[in-house]
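Below are the chains, spelled out letter by letter.
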Amino acid sequence: MNITKDTVEGSVEDRRMLQSNDVCMDNEERRAKINAFTPNGLLPNKVSFLTKELDRDRCYELEKRTTLLLNQILPNQHSEIQRNSVVSYLQRLIMNSVSCQVFTVGSVPLKTYLPNGDIDQTIFSYNQDLKDSLVHEVRCILECERNNKNAEFHVKEVRYIHGQVDNQIAHNHLFKCSIILIKAWCFHESRILGANRGLISSYAVEVLVLYIFHIYSDIFPFSGPLEVLFRFLDFFSKFDWKNYIVSLLGPVPINSLPNMMVEPPLNDCGELLLGRDILIALKALYGVTRRTQEPFVSKHLNIVDPLCENNNLGRSISMGI
């Protein structure tokens, strides 16, 4: 399903109705879950603040305002037409010259891009003769197109940089809306989004957002994307980045490398959004294996790629962040 304004409008009220059902949960049972909520990998004496109860009435009012903001930055028909035109243009341009297939990946097909977000595409070829020259071939095509005054789109610059959970969460695309809001905060407010500028990548942000749903979903039914942003900032501001790596299987002590000795995400506190068996199955279905099995390399901020455990999603981040 795609996100549209229609699906977002009224979603706060829908979530409020769902929230009211939560009242039926036994208060003692819920309080026990909250008291037992002890994530691993945090700085000392920071856990108690993570389970602060929020004023639900205030949350709903703030979520309504957040919906108005999201309606300004969500993908819409105009942006979809523009991006599809660019995608089709690049596919024709490359595939007419090289024996390959071009696919769009990342935030565009996921419908979680910002208005000024980029379009990520990946190229596959079964032609063994292109094994070592595919990147060079594509660069040459784009360089030539940059000089084509009659091109459908103007290619300004060519650079070579080496470098479906939403359905399960549901609630009117809460996961996708949360990603968009948090990416907007990372880009416009904190200026930390942009792997090509030594900042955090979109994929890394998405994994961190998933981590919040992963550990909080059993005790806090989020009232909306704004609450997810609050939990996101609250949790990762207290995470012990100096000594731990973020992994959906659980925090990994940096001093355990290269063995990746994973600690559980939570100690004795209910169910996680994605069980270990599900994560392993997803990796088996969609995971990738590098030709050279290099170990996970620790950087300034460390996040394990859930589809390739030796890939550090924080590798692009410089010390300045």
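All values derive from a computational prediction rather than experimental measurement.

**As for the nonpolar core**
Counting 52 residues, the largest nonpolar core has Val-209, Phe-213, Tyr-216, Phe-235, Phe-236 and Ile-303 as the members making the most contacts within it. For this core, the elements supplying multiple residues, two or more each, are helix H4 (56–73), helix H9 (174–189), helix H10 (202–216) and helix H11 (225–238). In terms of residues, this core owes the most to one element, H10, which gives eleven residues. When neighbours within four sequence positions are excluded, Phe-235 is seen to be in contact with Pro-39, Leu-42, Leu-50, Tyr-211, Ile-212, Ile-215 and Tyr-216.

**Points about the layout of surface pockets**
Here the idea is plain: a probe the size of a water molecule rolls over the atoms and shows the empty space left. A volume near 320 Å³ is recorded for the second largest pocket. Lining the second largest pocket are 14 residues, with Ile-192, Phe-232, Phe-236, Trp-241 and Leu-301 positioned closest to its centre. Secondary-structure elements contributing two or more residues to the lining of the second largest pocket are H9, H10 and H11. With four residues, the single largest contributor to the lining of the second largest pocket is H11. Taken together, the residues of the lining of the second largest pocket sort by class into twelve nonpolar, two polar and no charged.

**Remarks on H10**
Since there are 3.6 residues in each turn of an α-helix, residues three or four apart along the chain are aligned in direction. Between its first and last C-alpha atoms H10 spans 21 Å; for 15 residues at 1.5 Å apiece the expected length is 21 Å, and the two agree. Where burial is concerned, most of H10 is hidden: 13 out of the 15 residues are buried.

**A short note on the side chain of Ser-256**
Examined against the element boundaries, Ser-256 turns out to sit in the loop between strand E4 (252–253) and helix H12 (276–286). A polar contact of 3.2 Å, which involves the side chain of Ser-256, links it to the backbone nitrogen of Met-261.

**Some remarks on H4**
With 18 residues, H4 extends 25 Å between its outermost C-alpha atoms, agreeing within 8% with the 26 Å of an ideal straight helix rising 1.5 Å per residue. All of the buried residues in H4 are Arg-56, Cys-59, Tyr-60, Glu-63, Thr-66, Thr-67, Leu-70, Asn-71 and Ile-73. For H4, the buried positions fall inside an angular range of 145 degrees around the axis, keeping them on one side. Pointing more than 90 degrees away from the buried face of H4 are the exposed residues Arg-58, Arg-65, Leu-68 and Gln-72.

**What about unusual backbone geometry?**
Residue Pro-258 is reached from Leu-257 by a cis peptide bond, and omega for that bond is 10 degrees. For Lys-111, which is not a glycine, the phi torsion comes out positive at approximately 60 degrees. Examined against the element boundaries, Lys-111 turns out to sit in the loop between helix H6 (107–110) and strand E2 (120–124). For Met-260, which is not glycine, the phi dihedral falls at a positive 55 degrees. Along the chain, the position of Met-260 falls in the loop between E4 and H12. Classification of Met-260 by relative accessible area gives buried; the value is 19%.

**Considerations on the packing of H4 against H11**
Following both chains from N to C, one finds H4 and H11 inclined at 105 degrees, their axes separated by 7 Å at the closest point. One element, H4, and the other, H11, form an angle in the roughly perpendicular class. Listed contacts from H11 to Arg-56, Leu-62, Glu-63, Thr-66 and Leu-70 of H4 are Pro-225, Leu-226 and Glu-227. Taken together, the residues that form the contact of H4 with H11 break down as four nonpolar, one polar and three charged.

**As for the packing of aromatic side chains**
Per the stated rule, a full pass over the model turns up 15 aromatic pairs. Note on Tyr-211 and Phe-235: the rings are 5.8 Å apart at their centroids and 40 degrees apart in plane angle, and the pair reads as tilted. Pair noted here: Tyr-211 is in helix H10 and Phe-235 is in helix H11, with a separation of 24 residues, a long-range link. Judged by relative accessible area, which is 0%, Phe-235 ranks as buried. Among the aromatic residues, those joined into a ring-pair cluster are Tyr-211, Phe-232, Phe-235, Phe-236, Phe-239, Trp-241 and Tyr-244.

**Examining the pairing of strand E6 (residues 308–312)**
Counting buried positions along E6 yields four of five residues, so the element is predominantly enclosed. In this sheet, E6 lies alongside strand E5 (residues 304–305) in antiparallel orientation, the contact comprising two bridges. Considered in E6, the bridge of Asp-305 is made with Cys-308. The hairpin formed by E5 and E6 contains two residues between the paired strands.

Rules used throughout
Within each chain, residue numbers correspond to sequence positions counted from 1 in written order. A pLDDT threshold of at least 70 governs which residues receive local features in this predicted model, and a stricter bar of 80 or more applies before side-chain atom pairs are shown or counted, although totals over entire chains, interfaces and linings include all residues. Note that water and hydrogens are dropped before the side-chain values are worked out from all heavy atoms of the structure. Take the buried Ala, Val, Leu, Ile, Met, Phe, Trp, Tyr and Cys residues and link them wherever side-chain atoms come within 4.5 Å; each set so joined is a nonpolar core. Summary of the burial criterion: residues with accessible area below 20% of their type's maximum are buried, those above 50% are exposed, and those between are partly exposed, where the area comes from a 1.4 Å probe applied to protein chains only. Where helices and strands are cited, they refer to DSSP runs of H or I of at least four residues and of E of at least two residues respectively, numbered from the N terminus. We call two residues in contact when some of their heavy atoms are within 4.5 Å. Method remark: on a 1 Å grid restricted to protein atoms, a set of points is classed as a cavity if a 1.4 Å probe fits but cannot get out and as a pocket if it is open with protein on both sides within 12 Å along at least five of seven lines; lining residues have an atom within 4 Å of a point. Grid points are joined across faces, edges and corners, and a volume is the space filled by probe spheres set on the points. In this classification, Asp, Glu, Lys and Arg are treated as charged, Ala, Val, Leu, Ile, Met, Phe, Trp, Tyr, Cys and Pro as nonpolar, and every other residue, Gly included, as polar. Helix span is expected to be 1.5 Å times the residue number reduced by one. Throughout this description, a polar contact denotes any pair of N or O atoms lying within 3.5 Å of each other; where both atoms belong to protein, one of them has to be capable of donating a hydrogen while the other can accept it, and for residues adjacent in sequence the pair is counted only when both atoms sit in side chains. This arc is taken over the directions from the axis of the helix to the C-beta atoms. Angles run from 0 to 180 degrees between N-to-C directions of axes, and those axes are lines fitted to C-alpha atoms, restricted for helices to the stretch in contact. In this scheme, roughly parallel covers angles under 35 degrees and roughly antiparallel covers those over 145, while 65 to 115 is roughly perpendicular and the rest are oblique. Under the pairing criterion, centres of Phe, Tyr and Trp rings, with the six-membered ring standing for Trp, must be within 6.5 Å; the plane angle then separates stacked pairs below 30 degrees from edge-to-face pairs above 60, leaving the rest tilted. A pair of strands is labelled paired if DSSP reports no fewer than 2 bridges between them.

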